[in-house]
Amino acid sequence: MMREFFIDELPGIGFELFGLIHFMCLFILIGGLIVIYLNRDKISKLSSKMKKKITIAMVSIWLINRFIYMGSYIYFGIYDWRNDLPLHFCFISGYLFVYSLLFNNKKVFKVVYFFAFIGPLTATIWPALTSSFDYFVFYEFFISHHIFVLFTFFVYYMNNVKINKNDLYKSIFWANIVFLVAFVFNTIFGTNYIMSETLPDHVLELYPFLRHINYPIVILEIAGLVVAMLAYIPVYFKNTENKHLQDGKSLL
């Protein structure tokens with residue numbers, strides 16, 4: 001039973017793209033983002049002690065989730081370096097997130113903020129899942145994508161990180177560097193990390209016209225740019241609010 005929970009050799013409770021369970025997960029994500037935004041002032045005013053506890057909890061949850069995921073694959077003998085190395089964009093984003101929190105590196109976090117939306121958020125809309133509540137990867141995916149996006153959004157307000165347009169441009173630049181490294185790796189070893197060789201089958205089945213585009217990079221670039229600009233919207237409002245506060249203080 002334990003092996004089946006981790007391996008899912010006989011799919012049980014199914015996961016349908018844009019089905020009820022999928023929409024439930026998206027509802028939790030969207031609802032969480034709204035709650036964080038509405039409580040942004042309270043979050044920024046948390047005590048240093050509470051912020052430290054929350055930071056440790058976030059890092060622990062993300063790392064333990066990854067440890068169990070990788071450990072179970074190794075333990076049950078299904079680990080495959082061609083698919084399971086931490087070279088997927090979402091996992092790279094997660095490790096950078098952990099690094100930025102552990103070392104209080106806001107420069108890295110500014111990049112991670114946009115990475116979280118470009119990769120994990122996009123993956124929540126088109127997840128490659130076949131099973132749900134009876135499959136560990138369903139929970140692993142939810143934590144490393146949905147919860148991770150919420151973590152990133154929460155930290156943005158909790159640590160009062162100052163992000164501007166230059167950070168958006170830098171994030172897009174580094175996203176392309178990551179993709180280039182993955183492309184070189186894929187070319188050498190015949191893998192498909194970050195979908196540089198081909199888009200996932202479930203995406204191609206959902207949008208057959210994409211099969212006629214021989215360069216996945218074109219689709220990924222367009223999607224990444226659109227999502228990155230959407231991620232800048234909360235930043236724009238936060239910067240506008242801060243500017244109004246500064247202008248108000250200067251008048252006093």
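Residues numbered from 1 in each chain as written. Predicted model: local features only at pLDDT ≥ 70, side-chain atom pairs only at ≥ 80, totals over all residues. Heavy atoms only, no water.

Whenever I open this one, the overall build of the chain confuses me. Can you help?
The secondary structure content of the chain amounts to 11 helices and zero strands. Element order for the chain, N to C, with α for helix and β for strand: α-α-α-α-α-α-α-α-α-α-α. Since a compact globule built from 252 residues should have a radius of gyration of about 18 Å, the 19 Å found for the chain is in line with a globular shape. When its C-alpha atoms are laid out on the principal axes, the chain stretches across 65 × 40 × 35 Å. Counting across all 252 residues of the chain, residues that qualify as buried make up 44%. Here the contacts in the chain between residues at least 6 apart in sequence split such that 75% fall between residues at least 24 apart. A total accessible area of about 14,400 Å² is found for the chain, and carbon and sulfur atoms account for 70% of it. Considering the chain, the positive charge centre built from 20 side chains and the negative charge centre built from 16 side chains are found 20 Å apart. (Helix = DSSP H or I, 4+ residues; strand = E, 2+ residues; numbered from the N terminus. Rg over C-alpha atoms; globule rule 2.2 N^0.38 Å. Buried < 20%, exposed > 50% of the residue type's maximum accessible area, 1.4 Å probe, protein only. Contact = heavy atoms within 4.5 Å. Areas by Shrake-Rupley, 256 points an atom, 1.4 Å probe, with all protein chains shown as cover. Lys, Arg positive; Asp, Glu negative; His and termini not counted. Charge placed at Lys NZ, Arg CZ, Asp CG, Glu CD.)

What am I meant to see in the packing of helix α2 (residues 20-38) against helix α7 (residues 106-125) here?
How two helices pack is summed up by the angle between their axes together with the distance between the axes. At a minimum axis distance of 9 Å, the contact between α2 and α7 shows a crossing angle of 145 degrees. Seen from α2, the contacting residues are His22, Leu26 and Leu29; seen from α7, they are Leu121, Thr124 and Ile125. Taken together, the residues of the contact of α2 with α7 break down into four nonpolar, two polar and no charged. (Axes fitted to C-alpha atoms, helices over the stretch in contact; angles between N-to-C directions. Nonpolar A, V, L, I, M, F, W, Y, C, P; charged D, E, K, R; others polar.)

Any chance you could explain the nonpolar core here in plain terms?
Burial of nonpolar side chains together is a common tendency in soluble globular proteins. Counting 67 residues, the largest nonpolar core has Phe97, Tyr113, Phe117, Tyr156 and Ile194 as the members making the most contacts within it. When contributions to this core are tallied by element, the ones reaching two or more residues are α1 (2-7), α2, α4 (48-75), α6 (89-102), α7, α8 (136-158), α9 (165-189) and α11 (216-251). With 16 residues, α8 is the largest single contributor of residues to this core. Residues contacting phenylalanine 97, with those up to four places away along its chain left out, are Met58, Phe109, Val112, Phe148, Phe151, Thr152 and Val155. Counting residues in hydrophobic clusters, the runner-up holds five residues, among them Leu199, Val203, Leu204 and Ile219. (Core = buried A, V, L, I, M, F, W, Y, C linked by side-chain atoms within 4.5 Å.)

It is not clear to me how α7 should be interpreted in this structure. Could you clarify?
An α-helix turns once per 3.6 residues; consequently, residues spaced three or four apart project the same way. Across its 20 residues, α7 extends 28 Å between first and last C-alpha, which sits within 8% of the 28 Å expected from 1.5 Å per residue. With 17 of 20 residues buried, α7 lies mostly within the body of the structure. Where α7 begins, one side-chain oxygen reaches toward the backbone nitrogen of lysine 107, 3.2 Å away; that side chain belongs to asparagine 105. (Expected span 1.5 Å × (residues − 1). Polar contact = N/O pair within 3.5 Å; in protein donor to acceptor, adjacent residues only side chain to side chain.)

Hey, could you run me through empty space enclosed by the protein in this one?
The rolling of a water-molecule-sized probe over the atoms marks out the regions of remaining empty space. Counted by the stated rule, this structure contains one cavity of 30 Å³ or more. There is about 40 Å³ of room inside the largest cavity. Of all the secondary-structure elements, those providing two or more residues to the lining of the largest cavity are α2 and α8. Considering every element that reaches the lining of the largest cavity, the biggest residue donor is α8, with four residues. Broken down by class, the residue content of the lining of the largest cavity amounts to seven nonpolar, three polar and no charged. (1 Å grid on protein atoms, 1.4 Å probe; cavity = no way out; pocket = protein on both sides within 12 Å on 5 of 7 lines; lining within 4 Å. Points joined across faces, edges and corners; volume = space filled by probe spheres on them.)

Please clarify how the pattern of salt bridges should be interpreted in this entry.
Side-chain pairing between opposite charges can occur once the charged atoms of the two side chains come close. Summed over the entire model, instances satisfying the criterion amount to three salt bridges. Arginine 3 serves as the salt-bridge partner of glutamate 9, at 3.2 Å between the closest nitrogen and oxygen. Judged by relative accessible area, which is 34%, arginine 3 ranks as partly exposed. Across the salt bridge formed by glutamate 140 and arginine 66, the nearest N and O atoms sit 3.5 Å from each other. You can see glutamate 140 sitting in helix α8 and its partner arginine 66 sitting in helix α4, a full 74 residues away along the chain. Residue classification places arginine 66 among the buried residues on the basis of a relative accessible area of 2%. (Salt bridge = Lys/Arg side-chain N within 4 Å of Asp/Glu carboxyl O.)

Can you help me understand a nonpolar patch on the surface in this one?
A cluster of nonpolar residues, Ile213, Tyr215, Val218, Ile222, Leu225, Val226, Met229, Leu230, Ile233, Tyr236 and Phe237, forms a patch on the protein surface that exposes about 1,100 Å² of accessible area. Assignment of secondary structure puts phenylalanine 237 in helix α11. Relative accessible area serves as the criterion here: at 41%, phenylalanine 237 is assigned to the partly exposed category. (Patch = residues over 30% accessible without salt bridge, like charges linked within 9 Å, V, L, I, M, F, W, Y side chains within 5 Å.)

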